[in-house]
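Here is what each chain is made of, one letter per residue.
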Amino acid sequence: MLLAKIKEALSSLYEDIQEAPEEPAIEEAAAEAVPEAEAAPAPEAPAEEGGAAQDAEAETEEPEPAPPPGPKEMDYKAKGFHLDVALEPEKVVAAAEILNRENFFIEAITGVDWIDEQQLEVVYDFNHFAELCRVVVRARLDRSNPEIPTISHIYQGANWHERETHDFFGIIFTGHPNLEPLLLPEDADFHPLLKDFKA
Amino acid sequence: MNGFLQQDLNQETFTLNLGPQHPATHGVLRVKLVMDGEYIVEAEPVLGYIHRMHEKMGENRTWAKFLPNCGRMDYLSALSYNHGYVAAVERAAGIEVPERAEYLRVITVELNRISSHLLWFGAFVLDLGGFTPLLYAFDDREQILDLLESVTGSRLTYCYFRFGGVYNDIDDAFITGTRAFIKRLRKRMPMYDALVTKNIILIKRLKDIGPISKDMARRYGATGPVARGSGINFDVRRHEPYSVYPEFDFDIPVYEEGDSMARYMVRMDEIEQSMRIVEQALDKLPEGEIKPKKAVKMVKPEKGDYYHAVEAARGSFGVRLVSDGTNSAYRLKLRSPTYSNLSLFGEAARGMLLPDALALMGSLDLVIPEIDR
């Protein structure tokens, strides 16, 4: 019951993604806006990444068509959670608001360093007190500029989890009230769970 | 830091450091307090004094070599941590566990839960100024440690579970010893009740102190006795049944009040429920293997991520594994219950008297190595 309800609610976050390719006008407008905003770092980075991306595509040769975007129902017995919701980083706040409305509670927030893909993943675990329904929300960030909006104003418990994730991965939660080291020393400038961390 | 350094100097508040070495924090926890006289304006726990980066250790050793680490986080209910970790790996690698082994896991975990609650009981009353109950509680706890030592080989930092089973079978001496212990503790509980629970001083120190509302518990992700003391009927053993728990008849104590007394009562009632589970498990204990027939030598879970939660003595302990198909974890996240439970302290302690805040802190049942990991 709850699973179907929350799946439908979270599906609304994907609506504009499906529409986007049909409306190139918006993309052009966005592309024009970008160079003004982040003029300096933009030109160098895409040149390298573009090359890498092309290589990767050539090797894999599109193994299978990507499934339609949306929350994925998982095999609970094998995986231990019910719903896997991969989102764009800026949609995470909206997802937390939807889950909060349905009285989910937050179990944990953590990161995963996908160094081969030059990405950092933020993983949010939600659960429900009344009915068994584990929802995993995840977002992938660019490893060189890992920023994601905070959800600590919705779930106060996220405050410490986000600080911990910042400690371990250097992920910046924009809008966080106090992103100081929590478990690491107060002057720590290293992030031990990054795969290229050397002690 | 919020407001901590920028506080108005004209305001008549002062900063008080509680810890990192303070008997009431039961370990190296520091709380920065902004005080207005005896009242707390702001409380900010400072963590990390015994942070050991267990999650990184999980990545740089094989799945099996991480097992001893599980006993060194929540050192008062180490077997729950053993259970959470092996269950997560078993789920990921698809390892079957013989029924007898699951029974042994439940028996030892529940004994460990009783010993953890007994130690909390003694230490909590000690926080409030009552010394004697600690000695009684340690006397009882000692019996459990002896029983668990006979089967697991250690008294505190257990490493008893293996992938697919347990390390050692129990013998008749353990069974008779456990039954005798339960009989003994059942006789002692009315004494604790008369000596401590009904004591007017204890009631005055705990009743209506440190209220935690249902909504606050949810927003902070509080679980275990803290959530159940706030009227939330949530216990992983019932909510998300694992192991052989569905085969036992036991109650989940829930108190609506949300104050420190409610959290106290939840744990005291849970001791009886754990004894019921152990008794039933001993009655029904099936014969058979305690390890898989084919020894589990190399664990290589398929690529992907997996989650498994168990009910530890302090709440929901979750393990999130990310496997890349090799014999060690790509990422091992340990979700410890008191980390979330303590995170609400800042909000709950606001406006409280300092001695009352210490009663609240004691009622959260903190184990610092588990928070810092």
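Residues numbered from 1 in each chain as written. Chains lettered and ligands numbered in written order. Predicted model: local features only at pLDDT ≥ 70, side-chain atom pairs only at ≥ 80, totals over all residues.

Another point: the overall build of chain B. When you go through chain B residue by residue, the secondary structure sums to 15 helices and 10 strands. For a compact globule of 373 residues, the expected C-alpha radius of gyration is about 21 Å, and chain B comes in at 21 Å, within 12% of that figure. When the 373 residues of chain B are sorted by exposure, 51% land in the buried category. (Helix = DSSP H or I, 4+ residues; strand = E, 2+ residues; numbered from the N terminus. Rg over C-alpha atoms; globule rule 2.2 N^0.38 Å. Buried ≥ 20, exposed ≤ 12 C-beta atoms within 10 Å, placed from the backbone.)

A count of helices and strands for chain A gives seven helices and seven strands. Sequence-ordered secondary structure for chain A, helices as α and strands as β, is α-α-α-α-β-α-β-α-β-β-β-β-α-β. Going through the 199 residues of chain A one by one, you find that 32% of them count as buried.

A few words now on helix 6 (residues 172-197) of chain B. Residues and elements named next belong to chain B. Over its 26 residues, helix 6 extends 35 Å from the first C-alpha to the last, a length consistent with the 38 Å expected when each residue adds 1.5 Å. Of all the residues in helix 6, the buried ones are Phe 174, Thr 178, Ile 182, Tyr 192 and Val 196. Along its buried surface, helix 6 packs onto helix 4 (99-127), helix 5 (132-152), helix 7 (200-206) and helix 11 (260-284). (Expected span 1.5 Å × (residues − 1). Contact = placed C-beta atoms within 7 Å.)

The next subject is the pairing of strand 10 (residues 331-335) of chain B. Residues and elements named next belong to chain B. Here strand 10 lies mainly inside the structure; five of its five residues are buried. Taking every second residue as pointing to the same face, both faces of strand 10 are buried, with Arg 331, Lys 333 and Arg 335 on one and Leu 332 and Leu 334 on the other. By the bridge criterion, five bridges tie strand 9 (residues 315-323) to strand 10 in an arrangement that is antiparallel. Looking at strand 10, one finds that Gly 318 is bridged to Arg 335. (Pairing = 2+ DSSP bridges.)

A few words now on unusual backbone geometry. In this structure, A:Asn103 takes a positive phi of about 65 degrees despite not being glycine. Tracing the sequence through the fold places A:Asn103 in the loop between helix 6 (92-101) and strand 3 (104-114). For A:Asn103, a count of 14 C-beta atoms within 10 Å gives the class partly exposed. Positioned with a positive phi, B:Arg373 is a non-glycine residue whose angle comes to about 50 degrees.

Turning to helix 4 of chain B, a few remarks are in order. Residue and element names in this part refer to chain B. With 29 residues, helix 4 should reach 42 Å at 1.5 Å per residue; the first-to-last C-alpha distance of 42 Å fits that figure. Where burial is concerned, most of helix 4 is hidden: 27 out of the 29 residues are buried. Immediately beyond the C-terminal end of helix 4, within one or two residues, lies Gly 129, with a positive phi of roughly 105 degrees.

Moving on to the sheet that holds strand 5 (residues 39-46) of chain B. Residue and element names in this part refer to chain B. With antiparallel pairing, three strands are arranged side by side in an open sheet as 1-4-5. In this open sheet, the two strands that pair with only one neighbour each are strand 1 (14-18) and strand 5. The average undirected angle you get between the axes of adjacent strands in this sheet is 20 degrees. Note: strand 4 (residues 30-36) against strand 5, seven bridges, orientation antiparallel. By the bridge assignment for strand 5, Met 35 is matched with Ile 40. (Axes fitted to C-alpha atoms, helices over the stretch in contact; angles between N-to-C directions.)

Our focus in this paragraph is the nonpolar core. With 142 residues, the main nonpolar core has A:Ala95, A:Val135, A:Val137 and B:Leu321 as its most contacted residues. With 15 residues, the single largest contributor to this core is helix 4 of chain B. The contacts of A:Val135, once residues within four sequence positions are left out, are A:Ile6, A:His82, A:Leu83, A:Val85, A:Leu99, A:Phe104 and A:Phe126. (Core = buried A, V, L, I, M, F, W, Y, C linked by C-beta atoms within 7 Å.)

Take the packing of helix 4 of chain B against helix 5 of chain B next. Residues and elements named next belong to chain B. Between helix 4 and helix 5, whose axes approach to 9 Å, the crossing angle comes to 155 degrees. It follows from the interaxial angle that helix 4 and helix 5 lie roughly antiparallel. Remark: the crossing between helix 4 and helix 5 carries left-handed chirality. On the side of helix 4, the interface is formed by Thr 108, Leu 111, Asn 112, Ile 114, Ser 115, Leu 118, Leu 119, Phe 121, Gly 122, Ala 123, Val 125 and Leu 126, while helix 5 contributes Pro 133, Leu 134, Ala 137, Phe 138, Asp 140, Arg 141, Ile 144, Leu 145, Leu 147, Leu 148, Val 151 and Thr 152. (Parallel < 35°, antiparallel > 145°, perpendicular 65-115°, else oblique. Left-handed = near helix turned anticlockwise from the far one by under 90°.)

The next thing to look at is the sheet that holds strand 9 of chain B. All names here are of chain B. Strand order in the open sheet made by the three strands is 8-9-10, with antiparallel pairing throughout. Looking at which strands have only one partner, the edges of the open sheet turn out to be strand 8 (304-312) and strand 10. Averaged over all pairs of adjacent strands, the angle between their axes in this sheet comes to 10 degrees, without regard to strand direction. Across the sheet, helix 3 (residues 78-93) lies against strand 8 and strand 9, angled at about 150 degrees from strand 8, the strand it touches most.

All names here are of chain B. For the pair helix 11 and helix 14 (residues 354-363), interaxial distance at closest approach is 9 Å and the crossing angle is 30 degrees. The orientation of helix 11 relative to helix 14 falls into the category roughly parallel. Judged by the sense of rotation from one axis to the other, the crossing of helix 11 with helix 14 is left-handed. Facing Ser 260, Arg 263 and Tyr 264 of helix 11, the residues of helix 14 in contact are Ala 359, Leu 360 and Ser 363. Grouping the constituent residues of the contact of helix 11 with helix 14 by class yields three nonpolar, two polar and one charged. (Nonpolar A, V, L, I, M, F, W, Y, C, P; charged D, E, K, R; others polar.)

This paragraph deals with the confidence of the model for chain A. For chain A, mean pLDDT is 77; residues scoring 70 or higher make up 73% of the total. Below pLDDT 50 for its whole length, residues 20-58 of chain A participates in four contacts with residues either more than four positions away or in separate chains. (pLDDT = per-residue confidence, 0-100.)

All names here are of chain B. Examined against the element boundaries, Arg 179 turns out to sit in helix 6. What makes Arg 179 partly exposed here is the crowd of 14 C-beta atoms within 10 Å. Separated by 117 residues in the primary sequence, Arg 179 and Val 296 place their C-alpha atoms 33 Å from one another.

This next bit is on the environment of B:Phe345. With respect to the secondary-structure elements, B:Phe345 resides in helix 13 (residues 345-348). Excluding its chain neighbours within four sequence positions, the residues that come into contact with B:Phe345 are B:Ala43, B:Pro45, B:Met361 and B:Leu364.

As a further point, take the pairing of strand 9 of chain B. Remember that side chains alternate between the two faces of the sheet whenever the strand is regular. All names here are of chain B. A large share of strand 9 lies buried, amounting to nine of its nine residues. Both strand 8 and strand 9 contribute to a ladder of nine bridges, which runs antiparallel. Each bridged residue has a counterpart across the sheet, and for His 308 the counterpart in strand 9 is Val 319. Counting the residues in the hairpin turn of strand 8 and strand 9 gives two residues.

Here we come to the confidence of the model for chain B. When pLDDT is averaged along chain B, the result is 88, and 97% of the positions lie at 70 or above. With pTM at 0.83, the complex prediction returns an ipTM value of 0.85.

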